[in-house]
Amino acid sequence: MSHVLILTSSIAGDASVSGGLVARTVASLRARQPRLQATTRDLGGSPIPHLDADAVAGIRGEPANEAQRAAQTLSNTLVDELQRADTLVIGAPMYNFGIPSTLKTWFDYVLRPGVTFRYTETGPEGLLKGKKAIVVVSRGGLYSEGPAMAYDSQEPHLRTLLGFMGVTDVAFIRAERLAFGPEQHRAAISNAEIAIEQAVDSVRTAA
Ligand SMILES: Cc1cc2nc3c(=O)[nH]c(=O)nc-3n(C[C@H](O)[C@H](O)[C@H](O)COP(=O)(O)O)c2cc1C
């Protein structure tokens, strides 16, 4: 049976464009696979704690105090959710040209040497194989073409973070030009909805 991990990271709650498109993606997946199982993390609404020295010691070493043990337990839970999923659906607004710090923190907790990636004699190797990711990126401006392309630290960063763990089958759904007026806002959302259907069609049915 298919298992989807849903990550949202907007601070905008019900008004979130990426959150709405993530919900649409999951509804579309469920329409094709009614027995789909889902785990949800609302990183924007319920952030996990940012990294500090104890957190890193707990995540990447042997925990030596309560704070380090708590960080390792949280990391183990997040990694377990990730490993169990065959499909990831991620909502990532652009905040100041990059991803929300809450989503970056989730990656900080799941990027673990020996667990989700490892170093070999020929370089790093991602240990999460065979997963598909659908990533909704929302942004006020236009970054997929034109002069602002070089400012996009959102989509390339997400591709790197996922790819480093071995998740290389990634479909990006872009809702952009959201700040260019109501007409472009509407068009961005309908174009994204069309792209969602295409991405969902490409997800292998494992039900
Ligand atoms: C703090 C903050 C920073 C933002 N920075 C950018 C930016 O650098 N470039 C951009 O195009 N839009 C930027 N935006 C606009 C958002 O990307 C846009 O409103 C998008 O819809 C947010 O996604 P959401 O609706 O899922 O919350 C920013 C919005 C906020 C709140």
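Heads up: these notes are all about the structure in this document.

Parameters and conventions
- Residues numbered from 1 in each chain as written.
- Predicted model: local features only at pLDDT ≥ 70, side-chain atom pairs only at ≥ 80, totals over all residues.
- Heavy atoms only, no water.
- Helix = DSSP H or I, 4+ residues; strand = E, 2+ residues; numbered from the N terminus.
- Rg over C-alpha atoms; globule rule 2.2 N^0.38 Å.
- Buried < 20%, exposed > 50% of the residue type's maximum accessible area, 1.4 Å probe, protein only.
- Lys, Arg positive; Asp, Glu negative; His and termini not counted.
- Charge placed at Lys NZ, Arg CZ, Asp CG, Glu CD.
- Near = heavy atom within 4 Å.
- Polar contact = N/O pair within 3.5 Å; in protein donor to acceptor, adjacent residues only side chain to side chain.
- Areas by Shrake-Rupley, 256 points an atom, 1.4 Å probe, with all protein chains shown as cover.
- Axes fitted to C-alpha atoms, helices over the stretch in contact; angles between N-to-C directions.
- Parallel < 35°, antiparallel > 145°, perpendicular 65-115°, else oblique.
- Left-handed = near helix turned anticlockwise from the far one by under 90°.
- Contact = heavy atoms within 4.5 Å.
- Nonpolar A, V, L, I, M, F, W, Y, C, P; charged D, E, K, R; others polar.

Regarding the overall build of the chain
Consideration 1: A tally of helices and strands in the chain yields 6 helices and 7 strands.
Consideration 2: The order of helices and strands in the chain, counted from the N terminus, is β-α-β-α-α-β-α-β-β-β-α-β-α.
Consideration 3: Here the C-alpha radius of gyration of the chain, 17 Å, is about what a compact globule of 207 residues would show, namely 17 Å.
Consideration 4: With the C-alpha coordinates aligned to their principal axes, the bounding extent of the chain is approximately 55 × 40 × 35 Å.
Consideration 5: Classification of the 207 residues of the chain by burial places 47% in the buried group.
Consideration 6: Here the chain contributes 20 positively and 21 negatively charged side chains, and the mean placements of these two sets differ by 4 Å.

Considering the site of the ligand
Consideration 1: As a structural note, the neighbourhood of the ligand is formed by 16 residues, with Ser10, Ser16, Ser18, Met94 and Gly141 the closest of them.
Consideration 2: Ser16 places a side-chain nitrogen or oxygen 2.7 Å from an oxygen atom of the ligand.
Consideration 3: Between the ligand and Ser18 there is a distance of 2.6 Å, counted from an oxygen atom to a side-chain nitrogen or oxygen.
Consideration 4: Protein chains bury 70% of the 630 Å² of accessible surface belonging to the ligand in isolation.

Describing the packing of helix α4 (residues 101–110) against helix α5 (residues 155–164)
Consideration 1: The contact between α4 and α5 brings their axes to 11 Å, and the two run at 15°. In terms of orientation, α4 and α5 fall into the roughly parallel class. For the element pair α4 and α5, the recorded crossing hand is left-handed. Counting all contacts with α4, which are made through Leu103, Lys104 and Phe107, the residues of α5 involved are His157, Leu158, Leu161 and Leu162.
Consideration 2: By residue class, the composition of the contact of α4 with α5 is 5 nonpolar, 1 polar and 1 charged.

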